[in-house]
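# Overview (structure and organization)
In case you want the letters, here they are:
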Amino acid sequence: MNEEPWLVDAAVFSALNAGCRVLLVTGFRGDELEFRYTQWPGVLVVRNEN
């Protein structure tokens, strides 16, 4: 990852390192979050349109 780290990166890394799968529900700024996390193994990104 060549981008500057985001705060949520630490939470996702911690969950993945603990052996968890991550369900990331997006809404506000969903496009940015989906672009960033869709390719991460173990992370499922779901958009909440509401």
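For the structure itself, look to the data block above.
Below is a summary of the structure that appears in this document. What you see is a predicted model; the values in this text were computed from it and never measured. Numbers given for residues are sequential positions, taken from 1 along each chain in its written order. In keeping with the model being predicted, local features are shown solely for residues with a pLDDT of at least 70 and side-chain atom pairs are shown and tallied solely at 80 or more, while totals for entire chains, interfaces and linings include all residues. Calculated side-chain values reflect all of the structure's heavy atoms, with hydrogen atoms and water omitted.

## As for the side chain of T26
The secondary structure listing takes helices from DSSP runs of H or I that are at least 4 residues long and strands from runs of E that are at least 2 residues long, numbered from the N terminus. Relative to the elements of secondary structure, T26 occurs in strand β1 (residues 22-26). Excluding its chain neighbours within four sequence positions, the residues that come into contact with T26 are L33, E34, V45, V46, R47 and N48. In what follows, residue pairs with any heavy atoms lying within 4.5 Å of each other are defined as contacts.

## Examining the packing of aromatic side chains
Pairing of aromatic rings covers Phe, Tyr and Trp, the last through its six-membered ring, and needs centres within 6.5 Å; plane angles under 30 degrees mean stacked, over 60 mean edge-to-face, and all others mean tilted. Overall, the coordinates contain three aromatic pairs when judged by the stated rule. Between W6 and Y37, the aromatic rings sit 6.3 Å apart at their centres with planes inclined by 70 degrees, giving edge-to-face as the arrangement. One end of the pair, W6, is in the segment before α1 (7-17); the other, Y37, is in helix α2 (residues 30-37), and 31 residues separate them in sequence. You can call W6 partly exposed: its relative accessible area is 31%. With a centroid separation of 4.8 Å and an interplanar angle of 65 degrees, the aromatic rings of Y37 and W40 are classed as edge-to-face. The two residues Y37 and W40 agree in class, both being buried. Of the aromatic side chains, those joined through ring pairs into one cluster are W6, F13, Y37 and W40. Charge over a ring is defined by NZ of Lys or CZ of Arg lying within 6 Å of the ring centre and within 35 degrees of the ring normal. Residue placement shows R36 over the ring face of W6; its charged tip is 4.1 Å from the ring centre. For every residue, the accessible area (1.4 Å probe, protein chains only) is compared with the maximum for its type, and the residue is labelled buried under 20%, exposed over 50%, or partly exposed between those bounds.

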